[in-house]
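# Descriptive analysis of the structure
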Amino acid sequence: MNEFYKLSAITLQGNLFSFENLRGKTVVIVNTASKCGFTPQYDGLEILYQKYKDQGLVILGFPCNQFLKQEPGDVSSIDGCLINYGVSFPIFEKIDVNGSNTHPVFKFLKKNLSGIFGNFIKWNFTKFVIDKNGNPVKRFAPITKPEEMENYIKSIL
């Protein structure tokens, strides 16, 4: 069994989500923050999600407070930001993406798709693409806007 499908995470609502539910889907995983210069990327991510979810695209957001404390709030303040941006794709509890408390999802992603900084995430809104077989296939930098990912995502759906 593919290692990706063995992973799980807790949703913002406190429910366990098994990645087994993602089998056969193309997945974009992104570490997010409500008070980041890149926060408006929520708009672009939501547009991609709405445009391609019926073709098998799933976007998963993981709030993280490790970069200049840009996700300082609790569940209700994170929820408020998501409502402001009209986010309807799944969002998970706040996690660490670097350091000794790195969430297993991000350990897996960094091991399989290192960036220019190796097994380190530089900033919020780093985006990872997983193909429909559960294989990590592409990593996009925080500065890459979701619309700039569209052609790549279309090509692997």
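See the structure printed just above.
Here is a short report on the structure shown in this document.

Here is what the cut-offs are and how they apply
- Residues numbered from 1 in each chain as written.
- Predicted model: local features only at pLDDT ≥ 70, side-chain atom pairs only at ≥ 80, totals over all residues.
- Heavy atoms only, no water.
- Phe/Tyr/Trp six-rings, centres within 6.5 Å; stacked < 30°, edge-to-face > 60°.
- Helix = DSSP H or I, 4+ residues; strand = E, 2+ residues; numbered from the N terminus.
- Buried < 20%, exposed > 50% of the residue type's maximum accessible area, 1.4 Å probe, protein only.
- Lys NZ or Arg CZ within 6 Å of the ring centre and 35° of its normal.
- Pairing = 2+ DSSP bridges.
- Axes fitted to C-alpha atoms, helices over the stretch in contact; angles between N-to-C directions.
- Contact = heavy atoms within 4.5 Å.

## Describing the packing of aromatic side chains
- For the structure shown, the criterion picks out 12 aromatic pairs.
- Taken together, a centroid distance of 5.6 Å and an interplanar angle of 70° make the contact between phenylalanine 17 and phenylalanine 92 edge-to-face. With phenylalanine 17 in strand 2 (residues 16-18) and phenylalanine 92 in the loop between helix 2 (75-85) and helix 3 (104-112), this residue pair connects regions lying 75 residues apart in the sequence.
- Residue class for phenylalanine 92 comes out buried when judged on its relative accessible area of 0%.
- Ring plane angle 65° and centroid distance 6.1 Å describe the contact between phenylalanine 140 and tyrosine 152, whose orientation is recorded as edge-to-face. In this pair, phenylalanine 140 is assigned in strand 6 (residues 136-140) and tyrosine 152 in helix 4 (residues 146-156), connecting sequence segments 12 residues apart.
- For phenylalanine 140, a relative accessible area of 9% gives the class buried.
- One aromatic cluster is present, built from ring pairs that chain together Phe4, Tyr5, Phe17, Phe19, Phe62, Phe92, Phe106, Phe108 and Phe128.
- We note arginine 23 situated over the ring of tyrosine 5; from NZ or CZ to the ring centre the distance is 4.2 Å.
- Against the face of phenylalanine 140 rests lysine 138, its NZ or CZ located 5.4 Å from the ring centre.

## What to know about the sheet that holds strand 4 (residues 57-63)
- Pairing in this open sheet of four strands is mixed, and the strands run 4-3-5-6 from one edge to the other. Because the sheet does not close on itself, it has two edges, and the strands there are strand 4 and strand 6. Neighbouring strand axes in the sheet, compared pairwise and without regard to direction, differ in orientation by 20° on average.
- With respect to the sheet, helix 1 (residues 41-52) is in contact with strand 3 (26-32), strand 4 and strand 5 (127-130), its orientation differing from that of strand 4 by roughly 155°.

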